[in-house]
Amino acid sequence: MQTRLLRTDRLNGEPVIFRGCSSSELMAIAGVSATAWLPLGIIVASALGAPLMGVGAAAIAVLATVYVAATLLQRLKRGRPEGHYQHRLAIVLDNIGVRKSGFIRRSGTWDVGRSL
């Protein structure tokens with residue numbers, strides 16, 4: 001009888017669901033894209049006389065956005081450690097002043113050329 005060993009080092013991260021994204025990443029992408037596409041679709045379709053068609057168009061646009069954004073995140077995450085792009089996003093938001101990050105401290109440049 002063969003026993004299987006449990007690989008606990010693989011249980012720390014969320015499993016990949018679609019195109020390199022976990023379920024929480026997909027839900028975040030879908031939520032952001034729905035809040036952008038749904039009002040826009042309803043407004044445009046209302047101007048054309050069929051507001052309910054805007055909901056259908058927004059649903060198609062959300063699916064397309066999830067597919068494209070998941071592909072972009074898959075390329076961004078390739079060869080990087082887990083959580084890399086979250087840290088990059090925190091740095092960008094800190095640089096432009098949108099959100100202050102308490103964990104990222106940068107004070108000048110590294111002095112690589114000098115020795116102690």
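Conventions and cut-offs
Residues numbered from 1 in each chain as written. Predicted model: local features only at pLDDT ≥ 70, side-chain atom pairs only at ≥ 80, totals over all residues. Heavy atoms only, no water. pLDDT = per-residue confidence, 0-100. Helix = DSSP H or I, 4+ residues; strand = E, 2+ residues; numbered from the N terminus. Buried < 20%, exposed > 50% of the residue type's maximum accessible area, 1.4 Å probe, protein only. Patch = residues over 30% accessible without salt bridge, like charges linked within 9 Å, V, L, I, M, F, W, Y side chains within 5 Å. Areas by Shrake-Rupley, 256 points an atom, 1.4 Å probe, with all protein chains shown as cover. Salt bridge = Lys/Arg side-chain N within 4 Å of Asp/Glu carboxyl O. 1 Å grid on protein atoms, 1.4 Å probe; cavity = no way out; pocket = protein on both sides within 12 Å on 5 of 7 lines; lining within 4 Å. Points joined across faces, edges and corners; volume = space filled by probe spheres on them. Nonpolar A, V, L, I, M, F, W, Y, C, P; charged D, E, K, R; others polar. Polar contact = N/O pair within 3.5 Å; in protein donor to acceptor, adjacent residues only side chain to side chain. Contact = heavy atoms within 4.5 Å.

Moving on: the confidence of the model for the protein. Per-chain confidence: the protein averages 82 in pLDDT, with 79% of residues scoring 70 or above. When mean pLDDT is taken per element in the protein, helix H1 (residues 23–47) scores highest with 93 and helix H3 (residues 84–96) scores lowest with 82.

Let us look at unusual backbone geometry. Although it is not a glycine, Arg19 adopts a positive phi angle of roughly 50 degrees. By the element assignment, Arg19 lies in the segment before H1. Look at Arg19 and you get partly exposed, because its relative accessible area is 30%.

Side chains of Ile17, Phe18, Tyr67, Val68 and Leu72 sit close together on the surface and give an oily, nonpolar patch of about 480 Å² of accessible area. Mapped onto the secondary structure, Phe18 falls in the segment before H1. Here Phe18 falls in the partly exposed class, since its relative accessible area comes to 32%.

Moving on, we come to the layout of surface pockets. Taken as a whole, the largest pocket encloses approximately 440 Å³ of empty space. Listing elements by their share of the lining of the largest pocket, those giving two or more residues are H1 and H3. In terms of residues, the lining of the largest pocket owes the most to one element, H3, which gives three residues. Here the lining of the largest pocket is composed, by residue class, of five nonpolar, seven polar and six charged.

In this structure the tally under the stated criterion is one salt bridge. Among the ionic pairs, Lys77 bridges to Glu25, the shortest N-O distance being 3.0 Å. Here Glu25 lies in helix H1 and Lys77 lies in helix H2 (residues 51–77), a separation of 52 residues in the sequence. Judged by relative accessible area, which is 23%, Lys77 ranks as partly exposed.

On to the side chain of Glu25. On the basis of relative accessibility, which here comes to 13%, the residue Glu25 falls in the buried class. At a separation of 3.0 Å, a polar atom in the side chain of Glu25 contacts the side chain of Lys77. Setting aside chain neighbours within four positions, we find Glu25 in contact with Gly20, Lys77, Tyr85 and Gln86.

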